[in-house]
Every structure is written in C-alpha cells, then in structure tokens.
Amino acid sequence: MELVINGLSKTYGNGVKALDNVSLTIPTGMFGLLGPNGAGKSTLMRILATLQEADSGTAMLGNIDVLNDKQAVRQVLGYLPQEFGVYPRVSAYEMLDHIALLKGVVDKGPRKELVEALLQRVNLWEHRKRRISGFSGGMKQRFGIAQSLIGDPKLIIVDEPTAGLDPGERNRFYNLLTEIGENVVVILSTHIVQDVQELCRNMAIINKGKLLYAGSPAEALAAMRGKVWEKTIGKHELEQYATTHDLISNKLVGGTPIIHVMSDMDPGNGFFKAEPSLEDVFFGAIHRSNRETVAA
Ligand code: ADP
C-alpha cells in the first residue's frame, strides 16, 4: 500500500499558507518528513489523520480516498500526536484497555490478550499498574505507540515524537519504531535530522509549506557530494562568511566555530572538502528556499 498525495494546499484563516501544492508518494516503511518549526508538518499530519480539512488536493491510501472517506481512514490509522495534552491519572493497563474498547475490541478475552501483548511490545509491562501521568517522556511516547498500534493500522503517523526525550529514551523509541511492520506506511514528522538519518529509507523536506526534496537520504547525500566545504574560523568572522559564502551550517567544536558552505567549486582560502551529512542536505535545502523567498 502506498500513500499518494497530490497538490495538497491549506491556508489558515489568518492568511498563513501552511501547505502549498504538496505532492508526495509515500511507500511502506519508515518515511521521514523533515522541516523546521512552522514548516507545515503538523498541518499535513493532521490532514492525513482526518483531523483537519485541506483546501484542495487529493490523498489516496491504496484505494481509500483519505480526504473524503474519513471513516475508512480511521479504521486503518494509528496516530501519535505531538502531545497527548492531558495525561490521565489512570494506569497504563486501564487506559490501553479503555482505548481498545473505544476502537471496537469489544470481547474481553481478545482485548486482554491484545493489551498484554502491546504492553510487552513497548516494554511497559512492568510499569502497567503505574499511572501514565507519572511516566517519563520516553515512557509516554512508548505508551503512545502502543495505543496507535491497536486495530492493526496500515498508516501510522508519528508527529515530532523524540522532542524532549533523553538519548537513552530516544534510542529505545527508535528501536520500537524500527520493529513496526514493513508492510505499514509509517510517517515520522520531525525537525531532528538524526531521527531521519537513523530510521528512514525515504524522506521529504518541507519549508514554509513547500516541498523542497523527496527521495532517499542516500540520494540526497550523493547529490551534495563534492559541494560541501568546511573551515574553522574565528568567532568574529561568522557574519562576514555568511555574506560572502553560501553558508549552510555553523557548529561550535570545543568553543571554536566550524562552518560548512556550499559551492560547486573549491572556495580556496583554507576550505577543505567535507563529506556531506544529512544535516548539510537539510540546512542547505532550507537556506536555498529561504533565499529564494527573499529574492522573489
Ligand atoms: P510544523 O508542524 O512544521 O511546526 P505547522 O503545521 O504547525 O508547522 O504550522 C505551519 C504554519 O501554519 C505556521 O506558520 C503556523 O504558525 C501556522 N498555523 C498552524 N496552525 C494554525 C492555526 N490553527 N491557525 C493559524 N495558523 C496556524
């Protein structure tokens, strides 16, 4: 099953164009939707999760018309929102049991089996009697995955899942996501490049509602090869390099700035050719699109 999005647009009442004619084909497996804050990721995720209307365009999940046949989408959808909002003061077991009931798992026996299996799968079995309100960020996210898996979904949408997790929790969450079936479309929306780098076979980059890139991380890296240049500079030089070069990133290493610039030719002047990273791909795409917007 594939998700095929065509010409999707959404403008909010305040005039913000959150999605601008986005077309994207998403195959099964982990798909990373990468964009800075405000890029339009949540708007796209909410539209696909049938929580919001698009102005125009189409989205087909296999033969399900996502924008018009909401009931059919909801039956095959697992959604993990950015924030649950209120965390109930009930135990993980009780809550999962309750959600399974709401999702139509009416018979007690199969529901017990399902809830127990899910708690084991997301590694919360030993915490099943604890209140969710007392869970750590990572445990809440793993609980979120457990509830999203009820009903054997074909489309799983995970919105900014790793923000606020410590490295250990993030790893556990990554492992869990990786285990989720190969036959499922999993869309991971994030502004964290590492999430996509470690997990996703395919990706898209969006900024200001526009699609900037769609393809595999490997293809994106190959296209940047030979065009990324690195130099260690003095702190006071940063502003100058930002005006004279196509600056895509600057990092402090031991308090010293190291910059990456994009150039088809060797910029000379002490620059070394750098092996491009997915961060270079991401920031390069964002900088280019921001510059084009300013120039237009
Ligand atoms: P992201 O998830 O990538 O951070 P969003 O989809 O939340 O991006 O937002 C995209 C743009 O739409 C932003 O400029 C945001 O301020 C704006 N926006 C989001 N929701 C609303 C809303 N309900 N009303 C008006 N503007 C909104």
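Since the structure is predicted, the reported quantities are computational estimates derived from the model, not experimental observations.

## As for the overall build of the chain
Move 1: Of regular secondary structure, the chain possesses 10 helices and 14 strands.
Move 2: Dimensions along the principal axes, computed over C-alpha positions, put the chain at roughly 70 × 45 × 35 Å.
Move 3: Per-residue burial for the chain yields a buried fraction of 47% across its 296 residues.
Move 4: Each charge class in the chain can be summarised by its mean position, and for the 32 positive and 33 negative side chains these summaries are 5 Å apart.

## What to know about the packing of helix H3 (residues 92-102) against helix H5 (residues 137-148)
Move 1: Two elements in contact, H3 and H5, have axes whose closest approach is 10 Å; the angle formed by their N-to-C orientations is 25 degrees. Taken together, the axes of H3 and H5 are roughly parallel relative to one another. At the point where H3 passes H5, the crossing takes the right-handed sense. For the pair H3 and H5, contact is made by Ala92, Met95, Leu96 and Ile99 and by Phe143, Ala146 and Gln147, respectively.
Move 2: Class assignment of the residues belonging to the contact of H3 with H5 gives a composition of 6 nonpolar, 1 polar and no charged.

## Overview of helix H6 (residues 167-179)
Move 1: With 13 residues, H6 extends 19 Å between its outermost C-alpha atoms, agreeing within 8% with the 18 Å of an ideal straight helix rising 1.5 Å per residue.
Move 2: At the N-terminal boundary of H6, the capping side chain belongs to Asp166, with an oxygen 3.1 Å from the backbone nitrogen of Gly168.

## Regarding the sheet that holds strand S12 (residues 247-253)
Sheet strands line up and pair through hydrogen bonds in the backbone, either parallel or antiparallel.
Move 1: If you walk across this open sheet you meet the 4 strands as S12-S13-S11-S14, and the pairing is antiparallel. Whereas interior strands pair on both sides, the edge strands pair on one side only; in this sheet they are S12 and strand S14 (272-273).

## Observations concerning the domain arrangement of the chain
Buried accessible area, meaning the area lost when the parts come together, often serves as the stated size of an interface.
Move 1: Here the domain parsing of the chain yields domain 1 (3-76 + 153-215) and domain 2 (222-295).
Move 2: With 13 residues of domain 1 at the interface, the matching set in domain 2 holds 9 residues.
Move 3: Across the domain 1-domain 2 interface, the total number found is 0 salt bridges.
Move 4: Run the count over domain 1 and domain 2 and you get 3 residue pairs in polar contact (both at pLDDT 80 or more).
Move 5: Breaking the side of domain 1 that touches domain 2 down by element, the ones donating at least two residues are helix H7 (193-199) and strand S9 (202-207).

## What about the site of the ligand?
Move 1: Inspection of the region around the ligand gives 13 residues, with Gly38, Gly40, Lys41, Ser42 and Thr43 positioned closest.
Move 2: Here an oxygen atom of the ligand sits 3.0 Å away from a polar atom, N or O, in the main chain of Ala39.
Move 3: The separation between an oxygen atom of the ligand and a polar side-chain atom of Lys41 is 2.9 Å.
Move 4: For the ligand, the accessible surface in isolation is 560 Å², of which the surrounding protein chains cover 64%.
Move 5: Here the element with the most residues in the shell around the ligand is helix H1 (residues 41-48); it accounts for 4 residues.
Move 6: Residues belonging to the shell around the ligand are distributed by class as follows: 5 nonpolar, 6 polar and 2 charged.

The rules behind each value
- Residues numbered from 1 in each chain as written.
- Predicted model: local features only at pLDDT ≥ 70, side-chain atom pairs only at ≥ 80, totals over all residues.
- Heavy atoms only, no water.
- Helix = DSSP H or I, 4+ residues; strand = E, 2+ residues; numbered from the N terminus.
- Buried < 20%, exposed > 50% of the residue type's maximum accessible area, 1.4 Å probe, protein only.
- Lys, Arg positive; Asp, Glu negative; His and termini not counted.
- Charge placed at Lys NZ, Arg CZ, Asp CG, Glu CD.
- Axes fitted to C-alpha atoms, helices over the stretch in contact; angles between N-to-C directions.
- Parallel < 35°, antiparallel > 145°, perpendicular 65-115°, else oblique.
- Left-handed = near helix turned anticlockwise from the far one by under 90°.
- Contact = heavy atoms within 4.5 Å.
- Nonpolar A, V, L, I, M, F, W, Y, C, P; charged D, E, K, R; others polar.
- Expected span 1.5 Å × (residues − 1).
- Polar contact = N/O pair within 3.5 Å; in protein donor to acceptor, adjacent residues only side chain to side chain.
- Pairing = 2+ DSSP bridges.
- Domains from an automatic or database assignment.
- Salt bridge = Lys/Arg side-chain N within 4 Å of Asp/Glu carboxyl O.
- Near = heavy atom within 4 Å.
- Areas by Shrake-Rupley, 256 points an atom, 1.4 Å probe, with all protein chains shown as cover.

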